Structure formats: C-alpha cells, structure tokens
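# Structural features, examined
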Amino acid sequence: MPSTDNTPANSAVSEIKEQRRAALKEWLGGLSDHALQLDSLRPASADASFRQFYRIDTNDGRSLIAMDAPPVTENSAAFIKMANLLKSINLTVPEVLEQNLEAGFLLVTDLGLHTYAHVLNHDTAHKLYLDAIDALVLMQAQSQPDVLPEYDRAFLLRELNIFTEWYVNKHLGVTLNEKQTATLDKVFDHLLASALAQPQVYVHRDFHSRNLMWMDKGNPGIIDFQDAVYGPITYDLVSLLRDAYVQWDEEMVLDWAIRYWEKAKRAGLPVAPDIDSFYRDFEWMGLQRHLKILGIFTRLSHRDGKDNFLADIPTVMEYVRKTCHRYKELVPLLRLLDELENTAPQVGYTF
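Okay, so let's go over this structure. For clarity, every value in this text was computed on a predicted model and none was experimentally measured.

Reading the values: rules and limits
Residues numbered from 1 in each chain as written. Predicted model: local features only at pLDDT ≥ 70, side-chain atom pairs only at ≥ 80, totals over all residues. Heavy atoms only, no water. Helix = DSSP H or I, 4+ residues; strand = E, 2+ residues; numbered from the N terminus. Rg over C-alpha atoms; globule rule 2.2 N^0.38 Å. Buried < 20%, exposed > 50% of the residue type's maximum accessible area, 1.4 Å probe, protein only. Contact = heavy atoms within 4.5 Å. Areas by Shrake-Rupley, 256 points an atom, 1.4 Å probe, with all protein chains shown as cover. Lys, Arg positive; Asp, Glu negative; His and termini not counted. Charge placed at Lys NZ, Arg CZ, Asp CG, Glu CD. Salt bridge = Lys/Arg side-chain N within 4 Å of Asp/Glu carboxyl O. Polar contact = N/O pair within 3.5 Å; in protein donor to acceptor, adjacent residues only side chain to side chain. Expected span 1.5 Å × (residues − 1). Axes fitted to C-alpha atoms, helices over the stretch in contact; angles between N-to-C directions. Left-handed = near helix turned anticlockwise from the far one by under 90°. Nonpolar A, V, L, I, M, F, W, Y, C, P; charged D, E, K, R; others polar. Core = buried A, V, L, I, M, F, W, Y, C linked by side-chain atoms within 4.5 Å. Pairing = 2+ DSSP bridges.

Moving on to the overall build of the chain. Check the secondary structure of the chain and you find eleven helices and nine strands. Against the globule reference of 20 Å for 351 residues, the chain gives a C-alpha radius of gyration of 21 Å, in line with a compact fold. For the C-alpha atoms alone, the extent of the chain along its principal axes is close to 60 × 55 × 40 Å. When the 351 residues of the chain are sorted by exposure, 50% land in the buried category. The contacts of the chain with a sequence gap of at least 6 include a subset with a gap of at least 24, amounting to 70%. For the chain, the computed accessible surface area is about 16,500 Å², with 50% contributed by carbon and sulfur atoms. Put simply, the chain has 35 plus and 49 minus side-chain charges, and the middle of one group is 2 Å from the middle of the other.

Quick look at the structure:
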C-alpha cells in the first residue's frame, strides 16, 4: 500500500474544513426563512471532490442539505444551472433554496438517506436500473447543443492522460518508453474516434450508484450533476451499468443495455441502428471512462490521501481487461498492461 504518512497535510486540510464549516454555520444562521436548527448540523456524506455535505433539521420536522463547495475548486453556478435544467425535464433533483456563490455555500432540499448503492441487490436491481434508464432517456431526449460544455476531443484526451500520469507514472512507478507511448497513443486515438463519432447528448458524467437516490416517488433522485457536458450518447449508460463500485454479470449488463437501446430508439434518440454497433460503442466508451477512473482513484490516493478508492481498482481493471480482450484494436493495451505490471517496482500494494 502506498505510504499515507502525510499527517501535517491532513491536519491542515482538517483545519480548513473546520473553518469552512464554521463559516457555513454562520451563513445558515442568517437564513430566517427555513427555521433551521443550527445545532443539528451534521455530516451527510463523503465525496471524492473537495465538497462537504451536511444535513440540518428544521423546526417543522424536515431536513435539508447544506453544501460547502469551495469556489477555488468547485463550480456551484454549474450545479444550479444543471439543477434547474433537470427539474425542467421533470427529473428528481435537489431544489436550490438558498445560495452564496462567493462563499461556495448552498442550501438544497434533501433527497433522503438511500443511494442506489445502499439498496441494490439481485432482487431490487432490475426495477432500479429500469427506472434509471427511463430517467436517462428522458434527459437525453431533451438535449440541445450549446447549452452545456462540449465533451470534445481535447477534454476526453485530458481525461485519458490522467491514467498515464497518475496510474502508470505515479502509481506503478513506470516511465513509458517510446514504443510503449506509441502503443498507448494509438489505443487512445481509437477510443477518441469512437467517442466523437457517437451522437451527442446531455451527459451527467457520473451517472452511477452513488449519485442516484432511491425515491418512493420520482425514482431515481439525481445528484452530483455539476460536471455535466454535451457528449457521447453511451457515456452515462456505461457509467450506470459498468459502475466502479458495483459489478453485475455480463448477461445482465447486456440485457439492460438492450433495453436502453430499445427505449432510446422509441424516444427518437439517434442510437446506432443495430445492437452490435451500439454495444461496441458502449464498450469502447467504457474503456475511456475506466482508464480515466484508474487515474483518478490513484490520484485521490497519492495526492489527496483518500486511499479507500484503491479498493475499487480491481473491479475497474477487470472491466478494462475484459474489453481489451474482445477487440483486436485494443489487444495492444492488454499486452502493455501486462508489461507494465511485470516491470513496475514491487511496492506491496494490497489490492
């Protein structure tokens, strides 16, 4: 396991968080319209970003969510814009009740305690995923250009380069030689060409079990949408069905993917006309996403001290290897991964 001996850094981060929590509480204290019980402020969830979420009770027995999103790193204006957009499509999202963009504070409605990750099992999965697919098709069917940032080639490539910088260079401790770089670049080119050739729609970018809330009415609730873009039509589906945090049998994934494809066609979405082409697009999009995730999870560990994400690397790597194995254009990446893992310094990683 990589060293996590960064106690001074952690102490400084904790101090900053506490300072921001105090400032958030002071801001909440000035909001007179919601009858907030300030002493009930408590952590609501963990997050891979720099945001902090707190649950706070009201005098009438409800709870709300106070969000601390430091303006230096987080875009609260984008959160508000996307919340309003998704609400206008009749999707279930938190309603922004109060905002202080300068400080990075928001007060929003509470969608409850149960994410999909909490309630998914073999008995519940089919219904929950069909609800999520219906929500996804509804969102995509309303897509228009020039509303959200474009998920263009440069953007997608920057994400792939996170894999090279953080997973290969930092985590494995390997510097690629000229031949290895050429191999990786060629695979990247294949993935980028596939993504950019797909129809473009609204893309949540993290449409998975930790960002979907189980709701009695209007299921699912959708959160963490501030990074939404206009991009490839298969991206959110692969986020949902090839989730880094929960894995399903290939047969189940294929069944759900076909159901999405059929619903999307009925909704008039421009998906590939045959399922084989669509599923290839889906798998190649998944590979781009999973390479990025390998980079992000290792960056969270090495840069931010969040080592818990390393436990999910084996699931993500299994997705990567299975996809590479199925397509001749991607087999060189499989061979490169074998080569890198054989030459990486033996530092005792435990996953």
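Quick look at the pattern of salt bridges now. Should the charged atoms of two oppositely charged side chains come close, the side chains can pair. Tallied over the entire structure, the rule returns 24 salt bridges. Among the salt bridges present, the one from K263 reaches D134, with a minimum N-O distance of 2.9 Å. Pair noted here: K263 is in helix α8 (residues 250–266) and D134 is in helix α4 (residues 125–141), with a separation of 129 residues, a long-range link. Of the charged contacts, one joins D338 and R321 as a salt bridge, the two residues approaching to 2.8 Å between their closest N and O atoms. Placement of D338 in helix α11 (residues 331–343) and of R321 in helix α10 (residues 313–326) is noted, with a sequence separation of 17 residues between them.

This part covers the side chain of R55. Among the secondary structure elements, R55 is positioned in strand β2 (residues 52–57). R55 sits in the buried class, given a relative accessible area of 10%. A polar side-chain atom of R55 sits 3.2 Å from the main-chain carbonyl oxygen of G112. Not counting residues within four places of it along the chain, the set of residues in contact with R55 comprises S40, L41, R42, P43, A44, S63, L64, I65, D110, G112 and L113.

So, on to helix α2 (residues 76–88). Compared with the 18 Å implied by 1.5 Å per residue over 13 residues, the 18 Å span of α2 between its first and last C-alpha is a close match. Of all the positions in α2, only S76, A78, F79, I80, M82, A83, L85 and L86 are classed as buried. Where α2 is buried, its residues meet β3 (63–68), β4 (96–100), β5 (105–109), α4, β6 (200–203) and β8 (221–222). Put simply, N75 is the residue that caps the front of α2, since its side-chain oxygen is 3.3 Å from the backbone nitrogen of A77. Positive backbone phi, at 70 degrees, marks N90, one or two positions downstream of α2.

What follows deals with α10. A rise of 1.5 Å per residue sets the reference length of α10, with its 14 residues, at 20 Å; its end C-alpha atoms lie 20 Å apart and thus fit the reference within 8%. All buried positions along α10 are accounted for by I313, T315, V316, M317, Y319, V320, T323 and C324. Buried residues belonging to α10 abut α5 (153–171), α9 (275–302) and α11.

Let's shift gears to the packing of α4 against α8. One can describe the packing of α4 onto α8 by two numbers: an axis separation of 10 Å at closest approach and a directional angle of 35 degrees. For the pair α4 and α8, the sense of crossing is right-handed. Where α4 approaches α8, its residues A125, H126, Y129, L130, I133, D134, L136, V137 and Q140 are matched on the opposing element by D255, W256, R259, Y260, K263 and A264. Taken together, the residues that form the contact of α4 with α8 break down as nine nonpolar, two polar and four charged.

This next bit is on the nonpolar core. Counting 97 residues, the largest nonpolar core has Y260 and L291 as its most contacted members. By residue number, the principal contributor to this core is α9, which donates eleven residues. The contacts of Y260, once residues within four sequence positions are left out, are I133, L136, V137, Q140, I233, L237, L269, V271 and F278. In terms of nonpolar packing, the next biggest core, distinct from the first, is built from twelve residues, W27, L28, Y54 and L64 among them.

What follows deals with the sheet that holds β4. In a beta sheet, neighbouring strands pair by backbone hydrogen bonds and run either parallel or antiparallel. Reading across from one edge, β1-β2-β3-β5-β4 is the order of the five strands in this open sheet, with antiparallel pairing throughout. Each edge of the open sheet carries a strand with a single partner, namely β1 (42–45) and β4. Neighbour to neighbour, the strand axes of the sheet diverge by 30 degrees on average, direction disregarded. Bridging between β4 and β5 involves four bridges; their strand directions are antiparallel. By the bridge assignment, V96 is partnered in β5 with V108.

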